[in-house]
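A structural walkthrough
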Amino acid sequence: MNTPAKLGAFTLGLAVVFGLALGAGHVTGPIGANAEETPDTAHGGHDSTTAAAPAGSKPGGLPAGLLVSDRGYTLTKAPAEKDEFAFRVTGPDGRPVTAFDLEHDKRMHLIVVRRDLAGFQHVHPQMSDDGTWRVASPFGGPGTYRAFADFKPTGADPLVLGIDVTQAGGATPRPLPPPATTAAVDGYTLTLDGRLESGRTSKLTLSVSRDGKPVTDLQPYLAAYGHLVALRDGDLAYLHVHPDGAPGDGRTRPGPDITFFAEVPTAGTYRLYLDFQHEGKVRTAEFTAVAGDGPTSERPQPRPSKSASDDHGSDDHSH
């Protein structure tokens, strides 16, 4: 996983902006942009990473997660046991990659979400000697899911590759919850202060409370007090943000506020997933946010988010 000052595999560093290090990042590519597809996925598109670009994208290119293959690295499913998901990353030589750098305490981060943005999971597979990563199935039921592998091959740039995985059975897409400034999960209330503005840096502060009292003893999780994943509605462009500051840096408090800086140059709807740890358990709060075309843009009025008990906000995520 990334350190707070790095981009990529948990893709943003200290004070990052959806993939830019040091407080500047951005999402490129129009929603629904056509990308080169492979037989593995109907939604593949190229993504790449540079030190000064959004995670998984190159200047003027697509954001992360839209591609199954980039710069010679390819994400492929592998044979798996029942109730297990397995995959490999092959390198430019066509062989499975077995050397990965430690990024935010892990060498592989797997983000899974259904195509309707429900069922979010953030899990950490284990790799066998042959380069096969395995994890208990993170898929919650029937439907088509997007699985994002977020990693950094040793000696190469960070990458986020994505692949579609279909679980058999009938599934009815659920409508995305409306934009909201509060979310509830497992007895906690999360409040979002700030608005996404396309083409400029937006300050987002998420505050954690429980029973009406601010939580001031958040625990580090993967080297940070909070991790924010944003997925763009429509194409599921993958954006990962880490907060401003880090545990132990002498200035960052363990709550109640976790601050992020985000820049999205395209207007649209995004689903935000915040991971935080308290009293030894990781929880995920979810928000829907709309990025407008500047401060004069018309936006929906905030509404209370759905209960954390439905598919768009469950509190049983595995970490």
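One structure accompanies this document, and this report is about it. (Residues numbered from 1 in each chain as written. Predicted model: local features only at pLDDT ≥ 70, side-chain atom pairs only at ≥ 80, totals over all residues. Heavy atoms only, no water.)

1. Comments concerning the side chain of Gln-277
Note the following rule: Each helix corresponds to a stretch of at least 4 residues labelled H or I by DSSP, and each strand to a stretch of at least 2 residues labelled E; elements are numbered beginning at the N terminus. Exposure is judged per residue with a 1.4 Å probe applied to protein chains only, and the accessible area is read against the type maximum: over 50% gives exposed, under 20% gives buried, and values in between give partly exposed. Nitrogen and oxygen atoms within 3.5 Å of one another constitute a polar contact, given that in protein one can donate a hydrogen and the other can accept it, and given that sequence-neighbouring residues count only through two side-chain atoms. In what follows, residue pairs with any heavy atoms lying within 4.5 Å of each other are defined as contacts.
In this structure, Gln-277 sits in strand 17 (residues 268-278). By relative accessible area, which is 16% here, Gln-277 ends up buried. Within polar-contact distance, the side chain of Gln-277 engages the backbone oxygen of Pro-220 at 2.9 Å. The residues contacting Gln-277, other than those within four sequence positions of it, are Leu-218, Gln-219, Pro-220, Tyr-221 and Val-282.

2. Some thoughts on the pattern of salt bridges
Convention followed: For salt bridges, the criterion is a side-chain nitrogen of Lys or Arg within 4 Å of an Asp or Glu carboxyl oxygen.
Tallied over the entire structure, the rule returns 14 salt bridges. For Arg-134, the salt bridge goes to Glu-84, with nearest N and O atoms at 3.0 Å. Taken as a pair, Arg-134 in strand 7 (residues 132-136) and Glu-84 in strand 3 (residues 84-90) lie far apart in primary sequence, 50 residues in all. Judged by relative accessible area, Arg-134 falls into the partly exposed class, the value being 33%. Taking the relative accessible area as the measure of exposure, Glu-84 reaches 24% and is therefore partly exposed. Within this structure, Asp-70, Arg-71 and Asp-157 form a network of salt bridges that share partners.

3. Comments concerning the nonpolar core
The condition is simple: Residues grouped as a nonpolar core are buried Ala, Val, Leu, Ile, Met, Phe, Trp, Tyr and Cys residues, joined through side-chain atoms within 4.5 Å.
Core analysis: the largest hydrophobic core is formed by 28 residues, its most contacted members being Leu-190, Leu-196, Val-208, Leu-272, Leu-274, Phe-276 and Phe-287. Elements that contribute at least two residues to this core include exactly strand 10 (182-185), strand 11 (188-193), strand 12 (201-210), strand 14 (227-232), strand 15 (238-241), strand 16 (257-263), strand 17 and strand 18 (281-291). If we skip the residues at most four places from it in the chain, Leu-190 touches Thr-181, Thr-182, Ala-183, Val-185, Ser-207, Val-208, Leu-274, Phe-276, Ala-285 and Phe-287.

4. Examining the sheet that holds strand 8 (residues 143-151)
This is how it is decided: If DSSP finds at least two bridges between two strands, the strands pair. To obtain each axis, a line is fitted to C-alpha atoms, and for helices this fit is confined to the stretch in contact; angles are then taken between N-to-C directions over 0 to 180 degrees.
One open sheet accounts for four strands, arranged 5-4-8-9; its pairing is antiparallel. If you trace the sheet from one side to the other, it starts and ends with strand 5 (121-123) and strand 9 (159-167), each paired once. Neighbour-to-neighbour, the strand axes of this sheet turn through a mean angle of 20 degrees, independent of strand direction. Here three bridges tie strand 4 (residues 109-114) to strand 5, and the two strands are oriented antiparallel to one another. What sits directly across from Val-112, in strand 5, is Gln-121.

5. Looking at the environment of Gly-268
Mapped onto the elements of the fold, Gly-268 is located in strand 17. By relative accessible area, which is 15% here, Gly-268 ends up buried. As a C-alpha pair, Gly-268 and Arg-232 span 36 residues in sequence and 7.3 Å in three-dimensional space.

6. A look at the sheet that holds strand 15
Taken in spatial order, the four strands make up an open sheet running 15-14-17-18, and their pairing is antiparallel. Every other strand in the sheet has two partners, leaving strand 15 and strand 18 as the edge strands with one partner each. Along the sheet, successive strands turn relative to each other by an average axial angle of 20 degrees, direction set aside. For strand 17 and strand 18, the ladder comprises 11 bridges, and the chain directions are antiparallel. Within the sheet, the bridge partner assigned to Leu-272 lies in strand 18 and is Phe-287.

7. A closer look at the pairing of strand 10
Where burial is concerned, the two faces of strand 10 differ: the one with Ala-183 and Val-185 is buried and the one with Thr-182 and Ala-184 is not. Alignment of strand 10 against strand 11, held across four bridges, turns out to be antiparallel. Bridge pairing in strand 11 places Thr-182 opposite Thr-191. Once strand 10 ends, the chain turns through two residues before running back antiparallel as strand 11, passing Asp-186 with a positive phi of about 55 degrees.

8. Looking at the environment of Pro-214
Here Pro-214 lies in strand 13 (residues 213-214). Residue classification places Pro-214 among the exposed residues on the basis of a relative accessible area of 55%. For the pair Pro-214 and Gly-255, spaced 41 residues apart in sequence, the C-alpha separation works out to 7.7 Å. Once residues lying within four places of it in the same chain are set aside, the contact partners of Pro-214 are Val-208, Ser-209 and Pro-256.

9. Thoughts on the environment of Lys-82
Note on placement: Lys-82 falls in the loop between strand 2 (73-77) and strand 3. For Lys-82, a relative accessible area of 75% puts it in the exposed group.

10. With respect to the packing of aromatic side chains
Just so we agree on the cut-off: Centres within 6.5 Å are what make two rings of Phe, Tyr or Trp a pair, Trp counting through its six-membered ring; a difference in plane orientation under 30 degrees is then read as stacked, over 60 as edge-to-face, and the rest as tilted.
Overall, the coordinates contain eight aromatic pairs when judged by the stated rule. Plain terms: the ring middles of Phe-148 and Tyr-238 are 5.0 Å apart, the flat faces sit at 35 degrees to each other, and that makes the pair tilted. Here Tyr-238 lies in strand 15 and Phe-148 lies in strand 8, a separation of 90 residues in the sequence. The class for Phe-148 is buried, based on a relative accessible area of 0%. Each residue in the set Phe-85, Phe-87, Phe-139 and Tyr-145 is aromatic and connected to the rest through ring pairs, giving one cluster.

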